[in-house]
Amino acid sequence: MSNLGPLFLYWVLTLLLFLPLSSSSHSEAIKALLSRLDARRAAPSVQESAAKAVLRRMLPTHLDSFQFEIVSKDVCRGKNCFWISNYNVSSKNGPKIMIKGTTPVEIASGLHWYIKYWCGAHVSWDKTGGIQIASIPKPGSLPLVKDEGVMIQRPVPWNYYQNVVTSSYSYVWWDWERWEKEIDWMALQGVNLPLAFNGQEAIWQKVFTDFNIRKKDLDGFFGGPAFLAWACMGNLHGWGGPLSQNWLDQQLVLQKQILSRMLELGMTPVLPSFSGNVPEALKKTFPSANITRLGEWNTIDNNPRWCCTYLLDPSDPLFIQIGKAFIKQQIKEYGDVTDIYNCEPGSNSDTFNENSPPTNDPAYISSLGAAIYKAMSQGDKDSVWLMQGWLFYSDAGFWKPPQIKALLHSVPFGKMVVLDLFADAKPIWRTSSQFYGTPYIWCMLHNFGGNIEMYGILDAVSSGPVDARVSKNSTMVLGLAFRSEKVQLVEWLKTYSSRRYGKAVHHVEAAWEILYRTIYNCTDGIAVCFWDKSIGHVILEESE
């Protein structure tokens, strides 16, 4: 949803459906993971400084107008939260606002909540208004909150952000200045589980060097910067390449900056892992390895220079060696920054994204999943696999219940979380018995690289996560970021338009209600949706 998405990213792209209620093993595994991640956080003073730095970059005139404090979960009744209250009301310089939170992300979210709902500010991406803060009163004149203030709990442990191919669609040319702005935006929106894919080609270069693969052999393996996501998922190779050594080195430096800032703010970065996509040269270096060539993808006309990548079979011992080496090399470069590893396109770890496996035998599919996780766990014994569920939608003819169940149950319970990536339009949880008991994240795909028309499914966005939670035999718990109930859309749109355009305008509100009733409430999945004035209703046409 190219235009709708940014408005609702705060709500929906970061939704976590989590912790099957019927499985104590799931719950205990996740609790242990959260405990490990919490133990890595910096001292409270360091975290408070990180949150203050977000304020400094966004609103430097108000540095003395806010007081930040890190608190324990006990203050928030056992959950993560932020707490907004008045502070030093009688000061001659005017009152301050105190924002307490369990992490810097919670504090930044509280800051955003305050300037949004008390001051009418708008914080979004540049194409949907950017940062509009002219409505915020001058220092000393900030509006007070009532009584003891307001505490907002995070109903779920994590709020997830990004689609893996965004690393090629949008991020590929970003420098640190642009990344710093995006990470601040994440913190203000409550994101604490972002993907972190930059620099992985430099990691792979070092790993494959240890397996006697030369740099020139990798020139035809990596794609060019704008095509790396599809090269990594095994759809093509070499297209737009080769990558210069300077580019590889620069991306690794940038990744370390990104990870450092994410960690300062209390985020848990998600790193890539390995699923078998290898350079052709590995077949020559290890002639006895079980390496097969995949088929044609979509657009490169069976040209072997670009198409038909190579897959190392998970049953081969070399698979575990390479997967383990990749995780270990990341830990060596970045430190022990996470236990969560992504298994999807763009992370070299979703072999069958838009490529069907060579067989539908559940035993083979189970062995693939087990091998991917074994490689992760030998590199990081506490690893959790974050797996994209897009393949269950895009190749539904192949992924029937036996195949889905075989993959999802190939790892220990509690060690996999699935992304129901297109849940706003094509929710897989409905047709897979809640992913057969595997924890999953309710996601929305709002953009597709900016290549679809004005289009949206507002009702699904506002109600879908709640419907999933209350559905019959649901084993999941979910939240709408810092909301726990369905959004009242008509009223929300009025307040949104006032913030977005600087004041309440009746005609603007009426226009947004028309959009809500028409192109922003299409129900066909992916379609061209437009208003026919002559007949007074929406026409839906299925896209090719």
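Residues numbered from 1 in each chain as written. Predicted model: local features only at pLDDT ≥ 70, side-chain atom pairs only at ≥ 80, totals over all residues. Heavy atoms only, no water.

Peer 1: If you had to explain the state of the cysteines to someone new, which residues and values would you point to?
Peer 2: Within the structure shown, the criterion is met by two disulfides. Across the disulfide from C76 sits C81; the S-S distance is 1.9 Å. Classification of the bridge connecting C76 and C81 rests on its S-S torsion, roughly -55°, and on that basis the disulfide is left-handed. Of the two residues, C76 and C81, both sit in the buried class. The disulfide bridge from C307 ends at C308, spanning 2.4 Å between sulfur atoms. (Disulfide = S-S within 2.5 Å. Buried < 20%, exposed > 50% of the residue type's maximum accessible area, 1.4 Å probe, protein only.)

Peer 1: Can you break down the packing of helix α18 (residues 489-501) against helix α19 (residues 506-517) residue by residue, with the values?
Peer 2: Here α18 crosses α19 at 130°, and the two axes come no closer than 9 Å. Between α18 and α19, the angle is such that the two are oblique. For the element pair α18 and α19, the recorded crossing hand is right-handed. Across from L489, V490, L493, K494, Y496, S497 and Y501 in α18, the residues of α19 making contact are V508, E509, W512, Y516 and R517. (Axes fitted to C-alpha atoms, helices over the stretch in contact; angles between N-to-C directions. Helix = DSSP H or I, 4+ residues; strand = E, 2+ residues; numbered from the N terminus. Parallel < 35°, antiparallel > 145°, perpendicular 65-115°, else oblique. Left-handed = near helix turned anticlockwise from the far one by under 90°. Contact = heavy atoms within 4.5 Å.)

Peer 1: So, the packing of helix α7 (residues 200-210) against helix α10 (residues 245-264): which residues are in play, and what are the values?
Peer 2: Between α7 and α10, the shortest axis-to-axis distance is 7 Å and the interhelical angle comes to 115°. One finds that α7 runs roughly perpendicular with respect to α10. Contact residues: α7 offers E201, A202, I203, Q205 and K206, while α10 offers Q245, W247, L248 and L252. Its residues assigned to classes, the contact of α7 with α10 shows five nonpolar, two polar and two charged. (Nonpolar A, V, L, I, M, F, W, Y, C, P; charged D, E, K, R; others polar.)

Peer 1: Residues and numbers for helix α4 (residues 104-117), please.
Peer 2: Look at α4: 20 Å from first C-alpha to last across 14 residues, which is about the 20 Å you get at 1.5 Å a residue. Looking at where α4 begins, the residue whose side-chain oxygen comes 3.2 Å from the main-chain nitrogen of V105 is T103. (Expected span 1.5 Å × (residues − 1). Polar contact = N/O pair within 3.5 Å; in protein donor to acceptor, adjacent residues only side chain to side chain.)

Peer 1: Can you break down α7 residue by residue, with the values?
Peer 2: Counting buried positions along α7 gives eight out of eleven residues, so the element sits mostly inside the fold. Every buried residue of α7 is listed here: Q200, E201, A202, I203, W204, Q205, V207 and F208. For α7, the elements touching its buried residues are α8 (215-218), α9 (228-232), α10, β9 (271-272) and α12 (317-334). In the segment just after α7, N212 is the residue with positive phi, at about 65°.

Peer 1: Tell me what's going on with the sheet that holds strand β10 (residues 277-278), and back it up with residues and numbers.
Peer 2: Pairing within the open sheet is antiparallel, and its three strands lie in the order β10-β12-β11. In the strand order of this sheet, the two ends are held by β10 and β11 (291-293), each with one partner. In the sheet, β11 pairs with strand β12 (residues 310-312) via three bridges, with the strands oriented antiparallel. Bridge assignment links T292 to a residue of β12, and that residue is L311. (Pairing = 2+ DSSP bridges.)

Peer 1: Give a description of the pattern of salt bridges that names residues and reports values.
Peer 2: A full pass over the atoms with the stated rule returns 19 salt bridges. Measuring nitrogen to oxygen at the nearest pair gives 3.6 Å for the salt bridge that ties R36 to D382. Note that R36 is positioned in helix α2 (residues 24-39) and D382 in the loop between α13 (362-379) and β14 (384-388), a separation of 346 residues in sequence. For R36, a relative accessible area of 23% corresponds to the partly exposed category. Here R214 and D217 are joined by a salt bridge, their closest N and O atoms 3.2 Å apart. Judged by relative accessible area, D217 falls into the partly exposed class, the value being 23%. (Salt bridge = Lys/Arg side-chain N within 4 Å of Asp/Glu carboxyl O.)

Peer 1: I'd like a rundown of the packing of aromatic side chains, residues and numbers included.
Peer 2: On inspection of all chains with the given rule, the structure shows 28 aromatic pairs. On the basis of an interplanar angle of 80° and a centroid distance of 5.8 Å, the ring pair of F66 and Y114 is categorised as edge-to-face. With F66 in strand β1 (residues 66-70) and Y114 in helix α4, this pair connects stretches of sequence that are 48 residues apart. A single burial state applies to F66 and to Y114, both of which are buried. A connected cluster of aromatic rings, assembled from ring pairs, spans W204, F208, F221, F222, F274, F319 and F326. The aromatic ring of F68 is capped on one face by K52, whose charged end is 5.2 Å from the ring centroid. We note R178 situated over the ring of W174; from NZ or CZ to the ring centre the distance is 3.9 Å. (Phe/Tyr/Trp six-rings, centres within 6.5 Å; stacked < 30°, edge-to-face > 60°. Lys NZ or Arg CZ within 6 Å of the ring centre and 35° of its normal.)

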